[in-house]
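Structural overview
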Amino acid sequence: GETVQLRSTVGRGSVFAFSVAKGEIAPSAAAPAGPRAAVPRGLRVLCIDNEPTILRGMRAVLERLGAEVTTASGRDAALACEGRFDLILADYHLDHGDGLGLHEALGSRTDRFVIVTADTSEALVRDAASAGVELVRKPIRPEVLRGLLAGRRTAAMEAAQ
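So, here is what we can say about the structure in this document. These numbers were taken from a predicted model, which means no experiment stands behind them. (Residues numbered from 1 in each chain as written. Predicted model: local features only at pLDDT ≥ 70, side-chain atom pairs only at ≥ 80, totals over all residues. Heavy atoms only, no water.)

Considering the arrangement of structural elements, one finds Glu82 in the loop between α2 (75–80) and β5 (87–91). Exposure remark for Glu82: the relative accessible area of 69% places this residue in the exposed category. For the pair Glu82 and Thr70, spaced 12 residues apart in sequence, the C-alpha to C-alpha distance is 9.7 Å. When sequence neighbours within four positions are dropped, the list of residues in contact with Glu82 reads Arg44 and Arg109. (Helix = DSSP H or I, 4+ residues; strand = E, 2+ residues; numbered from the N terminus. Buried < 20%, exposed > 50% of the residue type's maximum accessible area, 1.4 Å probe, protein only. Contact = heavy atoms within 4.5 Å.)

This is the structure in structure tokens:
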């Protein structure tokens with residue numbers, strides 16, 4: 001008796017809708033509320049990704065968390081961004097080059113550079129560690145972004161994922 005709907009437009013995306021009967025959660029099944037990381041307001045964050053939808057999503061979540069967000073769609077756009085950033089989040093696989101190359105070019109403009117990737121290769125883990133760059137796996141959950149803004153190191157977040 002439940003319904004599933006699909007709307008899809010070529011080149012734009014798809015929407016899936018599910019309709020299910022409302023249920024109740026037993027008190028023992030509810031997840032305990034943990035402390036939320038305190039996020040300083042106004043942190044300057046540069047997000048670099050060649051996928052516009054990812055940049056829009058990152059901007060929306062980071063701004064909701066109180067960050068001032070600048071986005072760049074690749075190496076040239078990132079190099080054109082002015083000033084210093086509290087945090088740089090860069091996709092590893094870009095159209096021209098990669099996130100580690102960007103760290104070499106932009107690392108002096110931040111104290112914290114994080115590569116965002118779905119790549120699980122040991123070589124990337126080694127190269128990032130050698131460069132002093134943190135890694136976060138895609139997809140990034142909002143609580144991971146909150147932790148990054150609050151200054152948590154990604155090793156603990158990786159274990160939690």
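So that's the structure; there's more coming.
For strand β1 (residues 3–9), a buried count of 0 out of 7 residues is recorded, marking the element as mostly open to its surroundings. As defined by bridge partners, β1 adjoins strand β2 (residues 13–19) across 7 bridges and the pair is classed as antiparallel. Counterpart to Val4 in the pairing with β2 is Phe18. Here β1 folds back onto β2 in antiparallel fashion, the turn holding 3 residues, of which Gly11 has a positive phi close to 80 degrees. (Pairing = 2+ DSSP bridges.)

Moving on, we come to helix α3 (residues 99–106). Those residues of α3 lying buried are Gly99, Leu100, Leu102, His103 and Leu106. Each buried residue of α3 sits inside an arc of 155 degrees when the element is viewed along its axis, so together they form one side. Its side-chain oxygen placed 3.0 Å from the backbone nitrogen of Leu100, Asp98 serves as the N-cap of α3. (Arc of directions from axis to C-beta. Polar contact = N/O pair within 3.5 Å; in protein donor to acceptor, adjacent residues only side chain to side chain.)

Our next topic: the nonpolar core. Of all hydrophobic cores here, the largest spans 21 residues; its most connected members are Val45, Cys47, Leu62, Leu89, Leu145 and Leu149. Of all the secondary-structure elements, those providing two or more residues to this core are β3 (44–48), α1 (52–64), β5, β6 (113–117) and α5 (142–150). Formed by 19 residues, the second largest nonpolar core is a distinct cluster that contains Ile48, Phe85, Phe113 and Val133. (Core = buried A, V, L, I, M, F, W, Y, C linked by side-chain atoms within 4.5 Å.)

Moving on: the sheet that holds strand β7 (residues 134–137). Ordered in space as β4-β3-β5-β6-β7, the 5 strands form an open sheet in which the pairing is parallel. The open sheet is flanked by β4 (68–72) and β7, the only strands paired with a single partner. For this sheet, the mean inter-axis angle between neighbouring strands, taken without regard to orientation, is 20 degrees. Across 5 bridges, the pairing between β3 and β4 is parallel. Opposite Cys47, over in β4, you have Thr71 as the bridge partner. (Axes fitted to C-alpha atoms, helices over the stretch in contact; angles between N-to-C directions.)

Structurally, Thr110 is set in the loop between α3 and β6. At 3.1 Å, the side chain of Thr110 forms a polar contact with the backbone oxygen of Arg112. Excluding residues that lie within four positions of it along the chain, Thr110 makes contacts with Arg84, Phe85, Asp86, Leu87 and Ile88.

To continue, consider α1. Between its terminal C-alpha atoms α1 stretches 18 Å, which fits the 18 Å expected from 13 residues at 1.5 Å a residue. Burial in α1 covers these residues: Leu55, Met58, Val61 and Leu62. The buried residues of α1 occupy an angular sector of 140 degrees when projected down its axis, which confines them to one face. Exposed residues lying more than 90 degrees from the buried face of α1 are Thr53, Arg56 and Arg64. In this fold, the buried residues of α1 make contact with β3, β4, β5 and α5. Looking one or two residues beyond α1, the residue adopting positive phi is Gly66, at roughly 100 degrees. (Expected span 1.5 Å × (residues − 1).)

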